[in-house]
Every structure is written in structure tokens, then in C-alpha cells.
Amino acid sequence: MEISVLKMKTGIENIKRSVREIKGYKNPPSEAEIKLNQNENPFPIPDEVKDEIFDAVRKIDWGRYPECDPAELRLRLGEYANFSPDGILVGNGSNEMILSLVLAAISDGDKILIPSPTFTVYPLLGKIVEGELITVNLTEDFRFDVDGIVTARKNYNPKLTIIPSPNNPTGCVLNNNDIEEILKFGDGILALDEAYIQFSDNPDGAIGLIERFPNLIILRTFSKALCAAGLRIGYLITNPELTGQIRKTILPYNIGIFSRTAAVKLIEAKNLINERVEYIIEQREYIFKELKKIKGIKPYPSQANFVLFECLEKEPNEVYSKLYENGILIRDVTSYPMLSRAFRVTAGKKEENNIFLEKLKEIMEG
Ligand code: PMP
């Protein structure tokens, strides 16, 4: 065949339509004096822990590939999460685990059920693999519509249901009774993304249900409560047979020696982390209470490390820009379904939260 190089301007004709049609993950701005836009933990990893990590990494032979499936880390995660290491897979952030799961379960036209609004990575991946997305809206006050989810599982029998609990960006949760109710209907996988579970009223989450429900998968991350978004460590927990199948979609050596070593040391430092989680929960409640007092602002209760609020009186764009001009970065979620006047603010340190609250009050009431 003749090669029509001249007609082919950039080669994008070769990219599949499902990829050409999506916008891609919107890269949030990452610099600001007061950065409350990515649900990160405001506390750094202490220097003593960093030193231990550096010492341990120095002893490893950097010229060799790391293990394919980091055994010690899985063992430690098993103790930490109270689950057999055989059922645990570790990824480059929980994002990679979501990708592996979607690759393993979904092909052309298979149904994926998600709530809406929710974490944008699920629909993004669902579209890339050409799955059929079924969305169940949250209720008007931004809680999960459990009956709606059950009905959708009955009606559509989706292969995969992905629900974050707590949900991003609203902070609503499913309790374990809701989860059992959902699992009773349909035999498709339910993947519960527990990225923020440590900040909720049920910090142990739903891992205990895996024994009774072979189609339940739990996703966790080191990016939030464990203060390590930069390390990129996440994990997936389910029964070992299902784990074995999903493992096939992970590329070899996905976890480098640095992340592997740091993750083990962070699990050892978990007492420190628990204190920080308590602080962040207190700050989240403080932000919620203070937002309620500001004219034209409507916050929603959250069980994560952030608060969703609506800006009912001023133009949301203007409010966002004014905050940004003053060095304060929050997450603009006005493009999400149902959230055309909403923002999400991460619970930072008390001083940062106060500066944000004061400035917002000035903008709304000034
Ligand atoms: N799940 C949810 C619900 C999230 O909000 C995020 C990140 N904001 C992730 C997963 C991804 O986390 P990670 O850093 O582990 O990839």
C-alpha cells in the first residue's frame, strides 16, 4: 500500500475515536501560597522517617529491577489492613489500580455503573476502554441514592460498579449496610474506592465484607491520610482469585524501590498518622461550621478531608478568581454535573483554613 504521508498531518487519525473524543484529565493548577485544591495532607513526612527511607534505599542495588509484586510491602499492608497479602495488589497510586481493574473487567460495550457527580477518573477510563457508562445521580442534598444504585444494578446488571466512599467531591458515604444492600443485587463487581476512609466515621471501611462477598473490591491510597501523594502508592484488596486475574493487567515492575521502601516505613509510622487524621477531621468540621456562617455560602457535610460548598449569591467564577489572586487555591468543580455553583476546599492547617475563611467572607460580604 502506498503511504500517504502528506495527507497524514499529525498521525492522530490512528488514535481510536473514544480517545479523540474525550478531554483528558484536567490538570489542576499546582502552585499557590495556600493550596487547598487537591485533597492532599498538609503535614510533611517527618525528617526522621525520611532519613530512614533514604538509608534503606541506599542499601538496595539500584541497577537491578525491583520485585514484580513487592512481597514485603504486601505483607505489611496485609497486617495494616488486616487482610491476607495474597489478596493485595500494589499500584502507582490507586489510580493505577483503577486502571488495572477497568482493563481486566471491561471491554467494548460492557456496562460500568458510577454515581454522579464523582471522581472524574472513572468515566475517563470507562470511555477509553469503550465501556457503557451508567450513572446514578446523587440526591439533591448530595448523598448517595442507594435505592437508585440497587435499581440500576437490577436493571442493567453492570459488570463493574465503582463508588468512592467517601465520595469525591461531595464527601458523602455509604455505610456497611448500604454496601451489603447493593451487593445483594447483581453479581457484577463492586469496587469501593476508600481513598478517604480514614477521615470517616467508619475508618476500617468495608474490608471485613470481602469474605462474604467475592465480588467486592476495596481500593486504598497513601496519598491522603498517609501524607504521601508524591510517592504514588495505592493498593487493591479482594479475594486472591480475583486479585490474580487483575494482576495480569499490571505492567512488570510498576513499583520502584523508592516508593516500595517508603511505603513500608510509613506503615511503621502509623501512630503519627493517626494523630494527623484527628487534626484534619477537626479542621474539616471547623471549616464546615464557619462556612455556614458566611452569607451566600452553603456547605455540605463531609466525611473526607475536604468540604463541598455552594456559592449561592456571587458569581462563582469571580469568587474563585479573587481567592486565587490572594494566593488561595481551592478546587473549582462548577463543570461537574449538579455542581454548577460549587467548590471543594481541602482541610489544611488551621492557619491556612482561617486565611481562606476570612478572605471568602470578605469576598461574599464585602
Ligand atoms: N480515588 C479518589 C476518590 C480520589 O479522589 C483520588 C485522588 N484525588 C484517587 C482515587 C487517586 O488517588 P492516588 O493518588 O492514589 O492515585
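As the structure is a computational prediction, the values presented were derived from the model and not from experiment.

Criteria and cut-off values
- Residues numbered from 1 in each chain as written.
- Predicted model: local features only at pLDDT ≥ 70, side-chain atom pairs only at ≥ 80, totals over all residues.
- Heavy atoms only, no water.
- Pairing = 2+ DSSP bridges.
- Helix = DSSP H or I, 4+ residues; strand = E, 2+ residues; numbered from the N terminus.
- Axes fitted to C-alpha atoms, helices over the stretch in contact; angles between N-to-C directions.
- Patch = residues over 30% accessible without salt bridge, like charges linked within 9 Å, V, L, I, M, F, W, Y side chains within 5 Å.
- Areas by Shrake-Rupley, 256 points an atom, 1.4 Å probe, with all protein chains shown as cover.
- Salt bridge = Lys/Arg side-chain N within 4 Å of Asp/Glu carboxyl O.
- Buried < 20%, exposed > 50% of the residue type's maximum accessible area, 1.4 Å probe, protein only.
- Contact = heavy atoms within 4.5 Å.
- Right-handed = clockwise from strand over helix to strand, strands pointing away.
- Near = heavy atom within 4 Å.
- Polar contact = N/O pair within 3.5 Å; in protein donor to acceptor, adjacent residues only side chain to side chain.
- 1 Å grid on protein atoms, 1.4 Å probe; cavity = no way out; pocket = protein on both sides within 12 Å on 5 of 7 lines; lining within 4 Å.
- Sits in = over half its atoms within 2 Å of the grid points.
- Domains from an automatic or database assignment.
- Buried area = accessible area lost by both parts, 1.4 Å probe.
- Nonpolar A, V, L, I, M, F, W, Y, C, P; charged D, E, K, R; others polar.

### A short note on the sheet that holds strand β1 (residues 34-36)
An order of β1-β11-β12-β10-β9 is seen for the five strands of this open sheet, with the pairing classed as mixed. The open sheet is flanked by β1 and β9 (297-300), the only strands paired with a single partner. Across the sheet, the mean angle separating the axes of adjacent strands is 35 degrees when strand polarity is ignored. In this sheet, strand β10 (residues 306-311) lies alongside β9 in antiparallel orientation, the contact comprising four bridges.

### Description of a nonpolar patch on the surface
Together, I12, I15 and V19 line one region of the surface with nonpolar side chains, adding up to about 230 Å² of accessible area. Within the element layout of this structure, I15 appears in the segment before α1 (17-20). Owing to a relative accessible area of 39%, I15 belongs among the partly exposed residues under this scheme.

### Comments concerning the sheet that holds strand β4 (residues 132-137)
Read across the sheet, seven strands follow the order β2-β8-β7-β6-β5-β3-β4 without closing on themselves; strand pairing throughout is mixed. Whereas interior strands pair on both sides, the edge strands pair on one side only; in this sheet they are β2 (88-91) and β4. The sheet shows a mean angle of 20 degrees between the axes of neighbouring strands, direction not considered. Pairing geometry for strand β3 (residues 111-116) and strand β5 (residues 160-164), over two bridges, is parallel. Each bridged residue has a counterpart across the sheet, and for L113 the counterpart in β5 is T161. Against the sheet, helix α8 (residues 240-247) touches β2, β6 (189-193), β7 (216-221) and β8 (234-237), its axis set at about 30 degrees to β2.

### Side note on the pairing of β3
With five of its six residues buried, β3 lies for the most part within the structure. The sheet contact formed by β3 and β4 spans six bridges and is parallel. Counterpart to L113 in the pairing with β4 is I134. What joins β3 to β4 is helix α5 (residues 121-128), and the crossover it makes is right-handed.

### What about the site of the ligand?
By nearness alone, 14 residues border the ligand, and S94, D193, Y196, T221 and S223 come closest of all. Measuring from an oxygen atom of the ligand, one finds a side-chain N or O atom of S223 at 2.7 Å. At 2.7 Å, a side-chain N or O of R232 approaches an oxygen atom of the ligand. Against a free-state accessible area of 400 Å², the protein chains account for coverage of 92% of the ligand. Here the ligand is seated within the second largest pocket. For the shell around the ligand, the leading source of residues is helix α4 (residues 93-105), giving three residues.

### As for the domain arrangement of the protein
Interfaces are frequently sized by the accessible area removed from exposure as the parts join. Here the protein is partitioned into domain 1 (16-44 + 272-365) and domain 2 (47-270). Each of domain 1 and domain 2 was reduced to a C-alpha centroid, and the two centroids are 24 Å apart. Taken together, the contact pairs 34 residues of domain 1 with 36 residues of domain 2. Roughly 2900 Å² is buried in total at the junction of domain 1 and domain 2, and carbon and sulfur atoms are behind 65% of that figure. Per-residue buried area on domain 1 facing domain 2 is highest for I273, Q303 and M338; these three make up 25% of the total on that side. Linking domain 1 to domain 2 there are 14 residue pairs in polar contact (both at pLDDT 80 or more). Going through the elements one at a time, α1, α10 (270-292) and β10 are the ones with two or more residues in the side of domain 1 that touches domain 2. Ranked by residues supplied to the side of domain 1 that touches domain 2, first place goes to α10 with eight residues. Residue composition of the side of domain 1 that touches domain 2, grouped by class: 19 nonpolar, nine polar and six charged.

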